[in-house]
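Now for the letters of each chain:
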Amino acid sequence: MKKLTCALFILATPAAAWEFSPAPICTLTDADGLITVTYDAALPEYSVTLTLPDGTWPDDPTFAMNFAGERPIFIQTDRHRVSPDRRSLTVTDSGFGNVLDGLQFNLRAYATSGDSTLGLSLDGIGPAMAAFRACPAVNLA
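Worth saying up front: this structure is predicted, and the values here are computed from it rather than measured. Throughout, a residue's number is its position along its own chain's written sequence, starting from 1. The predicted origin of the model limits local features to residues at a pLDDT of at least 70 and limits the giving and counting of side-chain atom pairs to 80 or more, whereas totals for whole chains, interfaces and linings rest on all residues. To get the side-chain values, all heavy atoms of the structure are used, and hydrogens and water are removed first.

### Details of the state of the cysteines
For the purposes of this analysis, a disulfide is any pair of cysteine sulfur atoms at a distance within 2.5 Å. For the structure on display, the rule yields 1 disulfide. The residue that forms a disulfide with C26 is C135, at a sulfur-sulfur distance of 1.8 Å. Sign of the S-S torsion, about -80° for the bond between C26 and C135, identifies this disulfide as left-handed. With a gap of 109 residues between them, C26 in strand β2 (residues 26–30) and C135 in the segment after α3 (126–133) connect regions that are remote in the sequence. Relative accessibility decides the category of a residue: with a 1.4 Å probe and only protein chains considered, values under 20% of the type maximum give buried, values over 50% give exposed, and everything between is partly exposed. For C135, a relative accessible area of 6% translates into the label buried. The secondary structure listing takes helices from DSSP runs of H or I that are at least 4 residues long and strands from runs of E that are at least 2 residues long, numbered from the N terminus.

### Some points on the packing of aromatic side chains
Whether two aromatic rings pair depends on their centres lying within 6.5 Å, for rings of Phe, Tyr and Trp, where Trp uses its six-membered ring; planes under 30 degrees apart make the pair stacked, over 60 edge-to-face, and the rest tilted. Here the structure, examined in full by the defined rule, presents 4 aromatic pairs. Taken together, a centroid distance of 6.4 Å and an interplanar angle of 85° make the contact between F20 and F132 edge-to-face. Within this pair, whereas F20 is found in strand β1 (residues 18–21), its partner F132 is found in helix α3, the two being separated by 112 residues in sequence. Overall, the relative accessible area of 0% leaves F132 in the buried class. When the ring of Y39 is compared with that of Y46, the centres are 4.4 Å apart and the planes differ by 45°; the resulting orientation is tilted. The same class applies to Y39 and to Y46, which are both buried. The rings of Y39, Y46 and F96 are connected pair by pair, giving a single aromatic cluster. The cationic tip of R71 hangs over the ring face of F105; the distance from NZ or CZ to the ring centre is 3.9 Å. Only lysine NZ and arginine CZ atoms are considered, and such an atom sits over a ring when it is within 6 Å of the ring centre and within 35 degrees of the ring normal.

### Here we look at the sheet that holds strand β8 (residues 88–93)
As a general point, the strands of a sheet are linked pairwise by backbone hydrogen bonds and lie either parallel or antiparallel. Reading across from one edge, β1-β2-β3-β4-β8-β7 is the order of the 6 strands in this open sheet, with antiparallel pairing throughout. The open sheet is flanked by β1 and β7 (80–82), the only strands paired with a single partner. Averaged over neighbouring strand pairs, the angle between their axes works out to 15° when direction is ignored. At least two DSSP bridges between two strands are needed for those strands to be called paired. Bridge count between β2 and strand β3 (residues 35–40): 4 bridges; the pairing is antiparallel. Note that in β3 the partner of T29 across the bridge is T36. Every axis in this analysis is a line fitted to C-alpha atoms, fitted for helices over the stretch in contact. Angles between the N-to-C directions lie between 0 and 180 degrees.

Printed below as a string of structure tokens:
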């Protein structure tokens, strides 16, 4: 009976959905490869790259992220670029406090440009986000 209970507990435990790496730059990613957040202290610059599993990002003048949960945040920018294959969209900036707070303190994130939207679960991000914010690089928000 103990073996069955242990097996059921392991199966019921969610896999780590978020990963952190401090090298070569501070990097936070989800297990599906849909979002990557980086901080490069040498620049110093943050980036967020969102990759559509299917389809492409449109050539639209604005990009927005809407964070839904306990501390909702809506951010919008015109400083984004789309990859040559149009599957990935990247925003870079020297400050990312709103993005990091949106990811850390909410349940879902929605990235939107034109008629394309990518929804992301933020479940389980806590430990990886704590490691990202504590990354040895200076000036992490």
